[in-house]
Amino acid sequence: EAFQKALAGGPEQALYTFGPQFGKTGYAAFFGVRTLPKIDYSSPEAYEVFLEGPDSPVRKWIRFGADGWRLDVAQSMGDDATDINNLEVHRRLRDAVTLENPDAYVFGERFLDAEMGLQGTDHVRNIPQGGEDGVMNYQGFTSPITDWLSNVRVWNNAVNIPTEEVMEVMWETY
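Remember, predicted model here, so these are calculated numbers, not experimental data.

1. Considering the sheet that holds strand β1 (residues 68-71)
As summarised here, the arrangement of the three strands in space is β1-β2-β5, forming an open sheet in which the pairing is parallel. If you trace the sheet from one side to the other, it starts and ends with β1 and β5 (134-137), each paired once. Ignoring strand direction, the axes of neighbouring strands in this sheet form an average angle of 15°. Bridge count between strand β2 (residues 105-110) and β5: four bridges; the pairing is parallel. Across the sheet, the residue bridging to glycine 108 is valine 135, located in β5.

Set out below in structure tokens:
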């Protein structure tokens, strides 16, 4: 609903990133998919509407009984359709989740080094933690294992990765 109002020129435009640099759609979207507009977290209203407000989807679904949140393409959430302030977005999301259920789980899908998403301090519980409780790390697990088992990289480039190298990549990442 908020996005439809933004498209119509309403004040909800502040929640998203619009501009001619985004081509035909005129707004930033995940991987250019027009049904996946990117929220602009440089806007304080975005935090209220989507994460922290009592009627925000994050808090509402935890209250309804969801066990947590899975963040798709977690490293791409931030200010102005970028990853700027990514960890701050995740920490605030984690804080909002914890307000509703301290045991709820925030899980991030990350394509790059996942360490950043797991570092920091959980401000609500005052314990060392980042914005995510756990991650699905393609660079550190899925990609090396798939490359090793198939002898083919993601983009169909032939590879021959020794077992020791796969173990080294996984050790460094985890």
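Once the structure has been displayed, the description carries forward.
2. Considerations on the pairing of β1
Sheet topology places β1 next to β2; four bridges connect them, and they run parallel. Considered in β2, the bridge of glycine 68 is made with tyrosine 105. In this region the chain leaves β1, passes through helix α4 (residues 86-100) and returns to the parallel neighbour β2; the handedness of that crossover is right-handed.

3. Some points on the nonpolar core
Within the largest apolar cluster, 22 residues are counted, with the highest numbers of intra-cluster contacts made by Tyr41, Leu51, Leu93 and Val97. Put simply, the parts of the chain that give this core at least two residues each are α1 (2-7), α2 (44-52), α3 (57-63) and α4. Not counting chain neighbours up to four residues away, the residues in contact with tyrosine 41 comprise Ala46, Tyr47, Phe50, Leu51, Met77, Gly78, Asp79 and Val89.

4. A closer look at the packing of aromatic side chains
All told, the structure shown has seven aromatic pairs when counted by the stated rule. Consider the rings of tyrosine 16 and phenylalanine 50, whose centres lie 6.2 Å apart with planes at 75°: the pair is edge-to-face. With tyrosine 16 in the loop between α1 and α2 and phenylalanine 50 in helix α2, the pair connects residues that are 34 residues apart, well separated along the chain. The two residues tyrosine 16 and phenylalanine 50 agree in class, both being buried. Seen from their ring centres, tyrosine 41 and tyrosine 47 are 5.2 Å apart, and the 55° between their planes marks the pair as tilted. Put simply, the rings of Phe3, Tyr16, Phe18, Tyr27 and Phe50 pair up and form one aromatic cluster. The aromatic ring of phenylalanine 30 is capped on one face by lysine 38, whose charged end is 5.0 Å from the ring centroid. Over the ring of tyrosine 47 we find arginine 92, and its NZ or CZ is 3.5 Å from the ring centre.

5. A word on the pattern of salt bridges
Applying the stated criterion across every chain, the model contains eight salt bridges. Across the salt bridge formed by lysine 5 and glutamate 1, the nearest N and O atoms sit 3.1 Å from each other. The exposure class assigned to glutamate 1 is exposed, which follows from its relative accessible area of 72%. The residue glutamate 132 makes a salt bridge to arginine 110 at a minimum N-O spacing of 2.7 Å. Remark: arginine 110 occurs in strand β2 and glutamate 132 occurs in the loop between β4 (127-128) and β5; sequence separation between them is 22 residues. Like arginine 110, glutamate 132 is buried. Several salt bridges converge on common partners, so that one network encompasses Arg59, Arg63 and Glu100.

Parameters and conventions
- Residues numbered from 1 in each chain as written.
- Predicted model: local features only at pLDDT ≥ 70, side-chain atom pairs only at ≥ 80, totals over all residues.
- Heavy atoms only, no water.
- Pairing = 2+ DSSP bridges.
- Helix = DSSP H or I, 4+ residues; strand = E, 2+ residues; numbered from the N terminus.
- Axes fitted to C-alpha atoms, helices over the stretch in contact; angles between N-to-C directions.
- Right-handed = clockwise from strand over helix to strand, strands pointing away.
- Core = buried A, V, L, I, M, F, W, Y, C linked by side-chain atoms within 4.5 Å.
- Buried < 20%, exposed > 50% of the residue type's maximum accessible area, 1.4 Å probe, protein only.
- Contact = heavy atoms within 4.5 Å.
- Phe/Tyr/Trp six-rings, centres within 6.5 Å; stacked < 30°, edge-to-face > 60°.
- Lys NZ or Arg CZ within 6 Å of the ring centre and 35° of its normal.
- Salt bridge = Lys/Arg side-chain N within 4 Å of Asp/Glu carboxyl O.

Just geometry here; none of it tells us what the structure is for.
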